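Understanding the architecture of this molecule
Okay, here's what each chain looks like letter by letter:
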Amino acid sequence: MTDYSVLIKDIFCANELDSLLNSLVIEKLNILIDRMTSVNENLNLTAITDAQDIILKHIADSATIIKYIPQNARLLDVGTGGGF
């Protein structure tokens, strides 16, 4: 597995999202990015295939709304690509 930890931290810090990170979140994001890039080789989940772009344009972009979601809210993902 590729370690994207530094890249994740850098992008989240640059976007003032670093408070969302801890070691478990970073570990799970590493797994997600690895799986996305691997599966995307056979299935067209997303046109964004570079790890840095996945972190910035999918993960960090999605995380920016977290502060607006009430605690224990239920959400539905309706056609936003690879599950973001």
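Look above for the structure.
To start, this report covers the structure provided alongside it. Remember, predicted model here, so these are calculated numbers, not experimental data. (Residues numbered from 1 in each chain as written. Predicted model: local features only at pLDDT ≥ 70, side-chain atom pairs only at ≥ 80, totals over all residues. Heavy atoms only, no water.)

1. What to know about the overall build of the protein
Here is the rule we go by: Segments assigned H or I by DSSP are reported as helices when at least four residues long, segments assigned E as strands when at least two residues long, and all are numbered from the N terminus. Atoms counted for the radius of gyration: C-alpha only. Globule rule: 2.2 Å times residue count to the power 0.38.
Across its full length, the protein holds three helices and zero strands. Tracing the protein from N to C terminus, the helices and strands come up as α-α-α. In terms of overall dimensions, the protein is globule-like: its C-alpha atoms have a radius of gyration of 13 Å, near the 12 Å expected for 84 residues. Overall size of the protein, expressed as C-alpha extent along the three principal axes, is 35 × 30 × 20 Å.

2. A word on helix H3 (residues 51–63)
Quick reminder of the rule: To sort residues, take the accessible area from a 1.4 Å probe on protein chains only and compare it with the maximum for the residue type: under 20% means buried, over 50% means exposed, and anything in between is partly exposed. In this description, the arc belongs to the directions extending from the helix axis to the C-beta atoms. Residues are treated as being in contact if the distance between any of their heavy atoms lies within 4.5 Å. The term polar contact refers here to a pair of N or O atoms within 3.5 Å; inside protein, the definition further demands a hydrogen-donor-capable atom paired with an acceptor-capable atom, and it admits residues adjacent in sequence only when both atoms are side-chain atoms.
Taken together, the buried positions of H3 are occupied by Ala51, Ile54, Ile55, His58, Ile59, Ala60 and Ala63. For H3, the angular spread of the buried residues around the axis is 165°, confining them to a single face. Against the buried residues of H3 lie helix H1 (5–14) and helix H2 (23–39). The opening residue of H3 is Asp50, an N-cap whose side-chain oxygen sits 3.2 Å from the backbone nitrogen of Gln52.

3. Focus: the layout of surface pockets
Our working definition: A cavity here means a set of 1 Å grid points, computed over protein atoms only, where a 1.4 Å probe fits but cannot escape. A pocket is an open set with protein on both sides within 12 Å along at least 5 of 7 lines, and lining residues have an atom within 4 Å of a point. Grid points are joined across faces, edges and corners, and a volume is the space filled by probe spheres set on the points.
The calculated volume of the largest pocket comes to roughly 410 Å³. In terms of lining residues, the largest pocket is bounded by 16 residues, among which Ser62, Ala63, Ile65, Ile66 and Phe84 are the most central. When contributions to the lining of the largest pocket are tallied by element, the ones reaching two or more residues are H2 and H3.

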